Amino acid sequence: MVDESGSAIETTDMTNETPICMGSSEYEMIELFRKINVSRPIALTLACLAKGREISSQSIEMVSGLRQPEVSVAMRYLRENNWIDIREEKKSKGKGRPIKLYRLTVPMDRIVSKIEEEIIAESKLVLRNIERLKHIA
């Protein structure tokens, strides 16, 4: 979990009781994603998943400070890009919906390369529009 000063607060993943927290590399990753206009929920979710471990959506909420709808939006984007695997696990106690567990299925460098390709394509389009404006003016 993240406190207001940005310091890491540990939480525990329900599946294996191992503490989950973000360190300086995850905070730097979030900052860099934000600088290239990756949305805050996606940046935080990717940072939570970056270590390659399986993590529940509830743990992502606690570690990142995101609300459930924000995690859902981020997961939809990651699913659409085929970057995550989703597994459901029945709760060990009580009733209710199964717990969804998420894990990256592609290496982070491939994700970054895909984002890079999208940014380059978008930039080329902007430059073509600028050139067209110059020609018209």
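Described in the following lines is the structure provided in the data block.

Calculation notes
- Residues numbered from 1 in each chain as written.
- Predicted model: local features only at pLDDT ≥ 70, side-chain atom pairs only at ≥ 80, totals over all residues.
- Heavy atoms only, no water.
- Helix = DSSP H or I, 4+ residues; strand = E, 2+ residues; numbered from the N terminus.
- Buried < 20%, exposed > 50% of the residue type's maximum accessible area, 1.4 Å probe, protein only.
- Contact = heavy atoms within 4.5 Å.
- Core = buried A, V, L, I, M, F, W, Y, C linked by side-chain atoms within 4.5 Å.
- Salt bridge = Lys/Arg side-chain N within 4 Å of Asp/Glu carboxyl O.
- Expected span 1.5 Å × (residues − 1).

This paragraph deals with the side chain of Glu-70. Structurally, Glu-70 is set in helix H4 (residues 68–80). The class of Glu-70 is buried, set by a relative accessible area of 17%. Here Glu-70 is in contact with Arg-40 and Pro-41, once residues within four sequence places are set aside.

Turning our attention to the nonpolar core. Counting residues in each nonpolar core, the largest one holds 27 residues, and the members touching the most others are Leu-46, Leu-49, Ile-60, Met-75 and Ile-111. Tallying contributions element by element places helix H2 (residues 40–49) first for this core, with 7 residues. Ignoring anything within four residues of it in the chain, the contact list for Ile-111 reads Leu-46, Trp-83, Leu-104 and Val-106.

We now examine the pattern of salt bridges. On inspection of all chains with the given rule, the structure shows 9 salt bridges. One salt bridge in this structure joins Lys-51 and Glu-26, with 3.8 Å as the shortest N-O distance. Residue Lys-51 is located in the loop between H2 and strand S3 (55–56), and its partner Glu-26 is located in helix H1 (residues 24–35); the two are separated by 25 residues in the primary sequence. By relative accessible area, Glu-26 is classed as buried at 6%. Salt-bridge contacts for Lys-35 lead to Glu-31; the nearest nitrogen and oxygen are separated by 3.4 Å. On the criterion of helical spacing, the pair formed by Lys-35 and Glu-31 is a turn pair, its members being 4 residues apart in helix H1.

All right, on to helix H5 (residues 108–136) then. Along its 29 residues, H5 runs 42 Å from first to last C-alpha, staying within 8% of the 42 Å computed at 1.5 Å per residue. All buried positions along H5 are accounted for by Met-108, Ile-111 and Ile-115. Buried residues in H5 make contact with H1, H2, H4 and strand S5 (99–104).

These figures capture arrangement, not role.
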